[in-house]
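Close look at the chain arrangement
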Amino acid sequence: MRDHSGLWIAITAALQLAAFAAVALHGLRHRREPATMILWLFVAWSLPFVGPLLYAAFGVDRLPRHAWHKSQADLLFRRQRETLPEEEAPMVYWRAVHRTGVEHPPTREAEVLDRSMDPLAPDFPPLGGNTIRLLLNGDEAYPEMLGAIDRARDHIHLHTFILGADAVGRTFLDRIAARAESGIRCRVMYDRFGSTPAVWSGFFQRYRRRSPNFVLVGWTQANLLRRHVQINLRNHRKILVVDGREAFFGGVNIAAPNVSAPDAPAIRDYHFHVRGPLVQELQYTFLRDWHFMAEEPADRLLQPEYFPAVEPAGGMIARVLNGGPAGEYETLLDLYINAINTARRRILAATPYFVPPSDLLRALRSAALRRVDVRLVVPLENNHFYAGMAGRAFYEDLLDVGVRIFERRPPFMHAKALVVDDVAAIVGTANLDARSL
C-alpha cells in the first residue's frame, strides 16, 4: 500500500496557509487597529484552522457594504418606501413630518453639532415637537412600558438585547401574549447572544404558539444556513413602540437585575419615554431590522397603521442615529468626536465600558487641553472585570491633561450618556468602547 501521509500533510498545510492568507487579507483591508490585527495574525497562524475560524466568528467587526446582508436589506426597505404611490400616503412620517417637522436647534453650539450629523444620518433629520422623559432603572421604566403595552390598540413592537428567563421576562411576554390574544399584533425581537440563557433554557418556546398575532424572532449573525458566521455582530438596540404613537428607548434590558430587590438595588441605567415625531423614527428603525431578520416583506411593514399622523407633543428637538458594521460603520464614533470637538465649556460622559478607540481618546484629551471641563463617570466595580481593567489603562492619559474621572459605587452603572455644554445630549445604547462605536 502506498503511504499518502505526505500528500495529506501537503494539502493540510496548503489549506492552513490559504486560511491564514484570507485572515491577513481581510485584516489588512478592513481592520484599523494594528496591534489587534497582529494578535489575530498570531492566533490564525498558531492555531491551524481553529484560529481562522475564531477570527471569522469574533474578529470581524467591520464588513464591506456589499458583503453585509443587512445593508442590502436596508437599501431594499428604503427603495420600497420611496416607490410607494404618493396617493396612498402610507407613511405620514416620511411624506409629511419630514417636510414640515424639521426643526434646527436654537443655539449656535447645538446648531454646529447638528450640521455635522446631516451627512451621518441623511434619512433622519432633526424633528421638533417631542416630549422625552427620563426614566431611571427598570424601577421607573418597566411600569411605564407595561402601561403602554396595556394601552395598545393596534400593535406592539419590542426589541431588546437581553430578554431574561426570569420574572421580569415572563411578565413582559405574558402581558404581550395576552394582548396578542385580544387581537393586537405583536412583534418581539431579542438578541440571541444577549439572551443566551433564555434561548438555551427553551424559555421562548412556550410563547411561540400562544397566538398567531404574536411573533418572536431572535437576532443572530451565527447561522450557517443563512451564511452568517459573525458571532461578534450583535444587535444592542432596546426599543418599544406602541401603536406608532409612543415609544421607549435607552439602555435598560428586560431582565430582573434592572429592578430593585430587598437585598440588591437595581442596575443604574437610563431609559426614555418618547411622544411626538421621534416615535416614528424609532418605528422605522425597528421595522427595518425586523424586515432583515424576520424576512417579512417591506410592503407589509410600510403600512399606515404603523406610521399614523402624530401631533407635536412637546418642544424638544431630537434625531435618531443608527450604528452598524457596514454603511453605518463609524457613524456613532464620528458623532461622539464631533460632539466633543464642539464643546467649549463642559463635557459630562457616563459609560459602563470605557475602552475608547484612539481617535475618541485623543478628542477627549484635546477638549481638556482647550480648558473644557471634562468629567467621566464609570463603574467602580464592573460586571465584566476585564473591561474595568482595560478602562483603567486609559486613565493616566486623561488625568494628565485635567480630565476628571469618577468611579461610581455599586450598584453597577449601565447608563450611557454624553452631555455637551448643557445644550445637547447623546443617549441610547452605545458604550464608549470600540465594539459599540
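Residues numbered from 1 in each chain as written. Predicted model: local features only at pLDDT ≥ 70, side-chain atom pairs only at ≥ 80, totals over all residues. Heavy atoms only, no water.

As for the overall build of the protein chain
Quick reminder of the rule: Where helices and strands are cited, they refer to DSSP runs of H or I of at least four residues and of E of at least two residues respectively, numbered from the N terminus. Each residue is assigned to one of three classes by its accessible area relative to the maximum for its type, calculated with a 1.4 Å probe on protein chains only: buried under 20%, partly exposed between the two thresholds, exposed over 50%. The contact definition used throughout considers only heavy atoms, calling two residues in contact when any of these lie within 4.5 Å. Note on areas: these come from Shrake-Rupley sampling with a 1.4 Å probe, and a residue is covered only by the protein chains present in the view.
Helices and strands together make up the secondary structure of the protein chain, namely 16 helices and 15 strands. Across the 437 residues of the protein chain, 51% fall into the buried class. Long-range pairs, those at least 24 residues apart, make up 80% of the contacts in the protein chain between residues at least 6 apart in sequence. When the accessible surface of the protein chain is split by element, carbon and sulfur atoms take 57% of a total near 20900 Å².

Comments concerning the sheet that holds strand 10 (residues 316-318)
Using the following cut-off: By this definition, two strands are paired if DSSP reports at least two bridges between them. In this analysis, axes come from line fits to C-alpha atoms, helices being fitted only over the stretch in contact, and the angle between any two N-to-C directions falls in the range 0 to 180 degrees.
Strand order in the open sheet formed by eight strands is 4-3-2-7-8-9-1-10, and the pairing between neighbours is mixed. One side of each edge strand has no neighbouring strand; the edge strands of this open sheet are strand 4 (214-219) and strand 10. Averaged over all neighbouring strand pairs, the angle between strand axes comes to 25°, with direction disregarded. Two strands pair when backbone bridges link them, and strand 3 (residues 185-191) and strand 4 are joined in this way by six bridges, in the parallel orientation.

Looking at helix 11 (residues 278-294)
Condition: Multiplying one less than the number of residues by 1.5 Å gives the expected span of a helix.
With 17 residues, helix 11 extends 24 Å between its outermost C-alpha atoms, agreeing within 8% with the 24 Å of an ideal straight helix rising 1.5 Å per residue. With 16 of 17 residues buried, helix 11 is to be regarded as a mostly interior element. Looking one or two residues past helix 11, Glu295 carries a phi angle of roughly 60°, positive in sign.

Thoughts on the sheet that holds strand 13 (residues 404-408)
Taking strand neighbours across the sheet as the criterion, the five strands line up as 13-12-11-14-15 in an open arrangement whose pairing is mixed. The sheet terminates laterally at strand 13 and strand 15 (424-427), the two strands that pair on one side only. Adjacent strand axes in the sheet meet at a mean angle of 10°, parallel and antiparallel pairs treated alike. Relative to strand 13, strand 12 (residues 373-379) runs parallel, the two being bridged by five bridges. What sits directly across from Pro379, in strand 13, is Arg408.

Overview of the pattern of salt bridges
Note the threshold: Each reported salt bridge corresponds to a side-chain nitrogen of Lys or Arg within 4 Å of a carboxyl oxygen of Asp or Glu.
If you walk through the whole model with that rule in mind, you get 20 salt bridges. The closest approach of N and O atoms between Asp118 and Arg319, which form a salt bridge, is 3.0 Å. Here Asp118 is found in the loop between helix 6 (108-117) and strand 1 (127-136), whereas its partner Arg319 is found in the loop between strand 10 and helix 13 (331-342), with 201 residues between them in sequence. Arg319 sits in the buried class, given a relative accessible area of 13%. The residue Arg210 makes a salt bridge to Asp174 at a minimum N-O spacing of 3.9 Å. Within this pair, whereas Arg210 is found in the loop between helix 10 (205-208) and strand 4, its partner Asp174 is found in helix 8 (residues 167-181), the two being separated by 36 residues in sequence. Look at Arg210 and you get partly exposed, because its relative accessible area is 31%.

Side note on the packing of aromatic side chains
Definition in use: Stacked, tilted and edge-to-face are the three classes assigned to paired rings of Phe, Tyr and Trp, where Trp is represented by its six-membered ring and a pair needs centres within 6.5 Å; plane angles under 30 degrees give stacked, over 60 edge-to-face, the rest tilted.
Scanning the model with the defined rule gives eleven aromatic pairs in all. Residues Phe286 and Trp290 carry aromatic rings whose centres are separated by 5.8 Å and whose planes lie at 20° to one another, so their mutual orientation is stacked. Separated by four residues within a single helix, Phe286 and Trp290 lie in helix 11, roughly one turn from each other. Assessed through its relative accessible area of 0%, Phe286 is described here as buried.

Focus: the pairing of strand 12
Condition: With the strands aimed away from the viewer, a crossover counts as right-handed if its path from the first strand over the helix to the second runs clockwise.
Of the strand pairs in this sheet, strand 11 (residues 346-350) and strand 12 are connected by five bridges, and their pairing is parallel. Paired with Ala350 across the strands is Val377, a residue of strand 12. For the segment spanning strand 11, helix 14 (residues 358-369) and strand 12, crossover handedness is right-handed.

Section: helix 6
The line we're drawing: It is the directions from the helix axis to the C-beta atoms that the arc portrays.
Buried residues of helix 6: Ala110, Glu111, Leu113, Asp114 and Met117, and no others. Seen from one end, helix 6 has its buried residues packed into an arc of 165°, which puts them on one side. Lining the buried residues of helix 6 we find helix 13 and strand 15.

Focus: unusual backbone geometry
A cis amide bond links Pro410 to the next residue, Pro411, at an omega of 15°. Along the polypeptide, Pro411 turns up in the loop between strand 13 and strand 14 (417-420). Residue Asn137 is not a glycine yet carries a positive backbone phi of 65°. Along the polypeptide, Asn137 turns up in helix 7 (residues 137-151).

Notes on the packing of helix 13 against helix 14
Stated precisely, the cut-off is as follows: If an angle is under 35 degrees, it is roughly parallel; if it is over 145, roughly antiparallel; if it lies from 65 to 115, roughly perpendicular; otherwise it is oblique. Polar here means any residue outside two lists: the nonpolar Ala, Val, Leu, Ile, Met, Phe, Trp, Tyr, Cys and Pro, and the charged Asp, Glu, Lys and Arg; Gly therefore counts as polar.
Interhelical geometry of helix 13 versus helix 14 gives an angle of 10° and a closest axis separation of 9 Å. Overall, the two elements helix 13 and helix 14 adopt an arrangement that is roughly parallel. Touching Leu333, Tyr336, Ile337, Ile340 and Asn341 of helix 13 are Asp359, Leu360, Ala363, Leu364 and Ala367, all from helix 14. Its residues assigned to classes, the contact of helix 13 with helix 14 shows eight nonpolar, one polar and one charged.

Topic: the environment of Glu103
Turning to its location among the elements, Glu103 is positioned in the loop between helix 5 (92-100) and helix 6. Expressed as a C-alpha distance, the spacing of Glu103 and Pro125, which sit 22 residues apart in the sequence, is 8.3 Å. Excluding anything up to four places from it in sequence, Glu103 contacts Pro126, Gly128, Gly129 and Ile317.

Note that every value here comes from positions in space, so none of it alone points to a role or purpose.
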